[in-house]
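Here is how the chains run, residue by residue.
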Amino acid sequence: MSASHVMKTYAPQPIAFARGEGAWLWDTEGRRYLDALAGIAVSGLGHGHPVLVKAIAGQAARLIHTSNLFRVAEQERLAERVCALAAMDNAFFCNSGAEANECAIKIARLHGHHRGIENPAIIVMEKAWHGRTLATLSATGSRKAQAGFEPLMGGFLRVPYNDLAAIERLESHGSVVAVLLEVLQGEGGIHVADAQYLRSLREICDRRGWLLMIDEVQSGIARTGKWFAHQWSGIVPDVMALAKGLGSGVPIGACLARGVAAQVFKPGNHGTTFGGGPLVSVAALTTLEVIEKDGILANAKRQGDLIRAGLAEALAGVAGVKEIRGMGLMIGVELDRPCGEIVARALEAGLVINVTADKVIRLLPPLIYSDAESKELVARLAPLVKALLAQPVAA
Ligand SMILES: *Cc1c(COP(=O)(O)O)cnc(C)c1O
């Protein structure tokens, strides 16, 4: 293997996986790992799910791509299904989370112009993550990710997350057309918004005619134990971005809209060559079917509760563990110090995890975990956390 012709946008761990089955991965040397990352909240059904494999193979043999210049039956079925689950009216299919948010941003801007607002502004959050394209990078609340790519795009107003007063102060701002946020921030460090904050945000958006746009790219598709994380608070957004878990690893994103937001685009306003083709649409439809048939919503909640409770018990009283938080199988363990090195140590211990926001161990296991696998995750992770916290802090 040689990485010399791959652009250095990542600094990958020095291993590669050759195959997977359920919650387990095998590397090219034949070593076995418990997967607690699911390809960053993508492989919710685990690896090699037989129903998904069969559906993808069957569709690949029938038809892979025709373009959106023709109707795509599989896309229409997927749109109907995902809109029913989300109580939304229609969907635009794209190929990534960034693109799903790009679509949301374009809907908000066009909606603003339709209302006579010349320079429409979108309220976004500190520590937000919305993607790497120029518009979504500008909406993202990470200076580290933005540095060097200025000029960033204008039209975003940034406020602290989960802070209603900060939103209320912008209520009289005449150019605001939308609020874009994650219900629980993933890359930003697993920060959970209060249900009451989300409900108040919904009220303000209704009062002001702003679009409430929720980025569920990481938290959606059963990850938190409901189809979409915002459903825990009982609100319905006007626009919602999906990607990661939607296609179980086949690249698909979606931007869903409701009410006025669903009527903004006309032919010619937006598009993409690959979006919603037969192959990816079947992968997504099958993902949704399996989640429903196999009781995966309830399992995600159950395993999330087991893992958080297990970690709380195993790490009780350990100095340096600041908080264990999250919803369902989107879990963060915040330490009092940077802990990036624990990722490599976990691999040595046969465990795939991630660290985000420097100090937060992030767990995003496949949604098909068994009780035994949740216990195994705790058993492998807790000693690593203790060992890391026991060593002297580097000056
Ligand atoms: C990963 C992520 C994105 C970006 O998705 P890509 O597919 O990497 O473009 C956007 N929003 C959230 C909340 C994410 O977690």
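Nothing here was measured: the structure is a model prediction, and the numbers come from that model.

Rules of the game
Residues numbered from 1 in each chain as written. Predicted model: local features only at pLDDT ≥ 70, side-chain atom pairs only at ≥ 80, totals over all residues. Heavy atoms only, no water. Helix = DSSP H or I, 4+ residues; strand = E, 2+ residues; numbered from the N terminus. Expected span 1.5 Å × (residues − 1). Contact = heavy atoms within 4.5 Å. Salt bridge = Lys/Arg side-chain N within 4 Å of Asp/Glu carboxyl O. Buried < 20%, exposed > 50% of the residue type's maximum accessible area, 1.4 Å probe, protein only. Axes fitted to C-alpha atoms, helices over the stretch in contact; angles between N-to-C directions. Left-handed = near helix turned anticlockwise from the far one by under 90°. Phe/Tyr/Trp six-rings, centres within 6.5 Å; stacked < 30°, edge-to-face > 60°. Lys NZ or Arg CZ within 6 Å of the ring centre and 35° of its normal. Patch = residues over 30% accessible without salt bridge, like charges linked within 9 Å, V, L, I, M, F, W, Y side chains within 5 Å. Areas by Shrake-Rupley, 256 points an atom, 1.4 Å probe, with all protein chains shown as cover. Near = heavy atom within 4 Å. Polar contact = N/O pair within 3.5 Å; in protein donor to acceptor, adjacent residues only side chain to side chain. Core = buried A, V, L, I, M, F, W, Y, C linked by side-chain atoms within 4.5 Å. Pairing = 2+ DSSP bridges. Parallel < 35°, antiparallel > 145°, perpendicular 65-115°, else oblique.

Draft legend 1. Representation of helix α2 (residues 50-62) in the model. Compared with an ideal rise of 1.5 Å per residue, which puts 13 residues at 18 Å, α2 spans 18 Å between its outermost C-alpha atoms and is within 8% of the ideal. Looking at the buried residues of α2, the elements they touch are α3 (73-86) and α9 (278-293).

Draft legend 2. Fine view of the pattern of salt bridges. With the rule as written, the count across this model stands at 19 salt bridges. Between R308 and D305 there is a salt bridge, with the nearest N and O atoms lying 3.0 Å from each other. One end of the pair is R308 and the other is D305, both in helix α10 (residues 296-314) and three residues apart, which spans about a single turn. Of the residues examined, D305 reaches a relative accessible area of 33% and is grouped as partly exposed. Measuring nitrogen to oxygen at the nearest pair gives 2.8 Å for the salt bridge that ties R325 to E323.

Draft legend 3. Fine view of the packing of α3 against α9. Where α3 contacts α9, the two axes come as close as 8 Å, and the packing angle between them is 35°. As for the relative orientation of α3 and α9, their crossing is left-handed in sense. In this structure, α3 contributes E74, Q75, R77, L78, R81, V82 and L85 to the contact, and α9 contributes P278, S281, V282, A284, L285, L288 and E292.

Draft legend 4. Geometry of the packing of aromatic side chains. Counted under the stated rule, the structure contains two aromatic pairs. Over the ring of W26 we find R19, and its NZ or CZ is 4.0 Å from the ring centre. Geometry around W24 places R32 over its ring, the cationic atom sitting 3.7 Å from the centre.

Draft legend 5. Local environment of the environment of A121. Residue position: A121 is located in strand β5 (residues 121-125). Counting along the chain gives 36 residues from A121 to L157, while the straight-line C-alpha distance between them is 6.7 Å. Apart from residues no more than four positions distant in its own chain, A121 is found in contact with G155, L157, S175, V176, V177 and A178.

Draft legend 6. The arrangement of a nonpolar patch on the surface in detail. A cluster of nonpolar side chains, namely L134, F149 and M153, defines an oily patch on the protein surface of about 290 Å² accessible area. Topologically, M153 is positioned in the loop between α6 (143-146) and β6 (156-159).

Draft legend 7. Fine view of the site of the ligand. With respect to spatial proximity, the complete set of residues near the ligand consists of S96, G97, A98, N101, W129, H130, G131, E182, D215, V217, Q218 and K244. Between the ligand and the protein, one listed contact pairs an oxygen atom with a backbone N or O atom of G97 at 2.8 Å. Between the ligand and the protein, one listed contact pairs an oxygen atom with a side-chain N or O atom of K244 at 2.7 Å. If the ligand stood free it would expose 380 Å²; the protein chains cover 81% of that surface. In terms of residue count, the dominant contributor to the shell around the ligand is helix α4 (residues 97-114) (three residues).

Draft legend 8. Looking closely at the nonpolar core. Among the nonpolar cores identified, the biggest contains 63 residues, and I361 and L363 are the most heavily contacted of them. Sorting elements by how many residues they give to this core places helix α12 (residues 371-390) first, with eight residues. The next biggest cluster of nonpolar side chains, apart from the first, holds 35 residues, and it includes I190, L212, M327 and M330.

Draft legend 9. Inspection of the side chain of N101 at higher detail. Structurally, the position occupied by N101 is in helix α4. By relative accessible area, N101 is classed as buried at 1%. In this view, N101 contacts H130, T136, L180, D215, V217 and A241; residues no more than four positions away in its chain are not counted.

Draft legend 10. Region of interest: the pairing of strand β3 (residues 32-35). The pairing of strand β2 (residues 24-27) with β3 spans three bridges and is antiparallel. Looking at the pairing, L25 lines up with Y33 of β3. Here β2 hands over to β3 after four residues, with G30 in that stretch at a positive phi of 90°.

Draft legend 11. Representation of the sheet that holds strand β15 (residues 351-352). On the basis of which strands lie adjacent, the open sheet formed by four strands has the order β1-β2-β3-β15 and mixed pairing. Of all strands in the sheet, those with a lone pairing partner are β1 (17-21) and β15, marking the two edges. Bridging between β3 and β15 involves two bridges; their strand directions are parallel. The partner of L34 across the bridge, within β15, is L351. On top of the sheet, α12 reaches β2, β3 and β15; it is set at about 105° to β3, its chief contact.

Draft legend 12. Quick look at helix α8 (residues 195-208). In a regular helix each residue adds 1.5 Å, so 14 residues correspond to 20 Å; α8 covers 20 Å between its end C-alpha atoms and thus fits that length. Among the residues of α8, those classed as buried are Y197, L198, S200, L201, R202, I204 and C205. Next to the buried residues of α8 lie β5, α7 (164-168), β7 (176-181) and β10 (211-215). A positive backbone phi angle near 70° is found at G209, which sits one or two residues after α8.

Draft legend 13. Looking closely at the packing of α2 against α9. Packing of α2 against α9 leaves a shortest axis separation of 9 Å and a crossing angle of 155°. Between α2 and α9, the angle is such that the two are roughly antiparallel. Relative to α9, α2 is oriented so that their crossing is right-handed. Note on element contacts: α9 touches α2 through P278, L279, V282, A283, T286, T287 and V290, opposite V51, L52, A55, I56, Q59 and A60.

Draft legend 14. Focus on the side chain of T140. Within the secondary structure, T140 is located in the loop between α5 (134-139) and α6. Residue classification places T140 among the buried residues on the basis of a relative accessible area of 0%. A polar atom in the side chain of T140 sits 2.9 Å from the backbone nitrogen of H130. Among residues more than four places away in sequence, those in contact with T140 are A128, W129, H130, G131, Q146 and R158.

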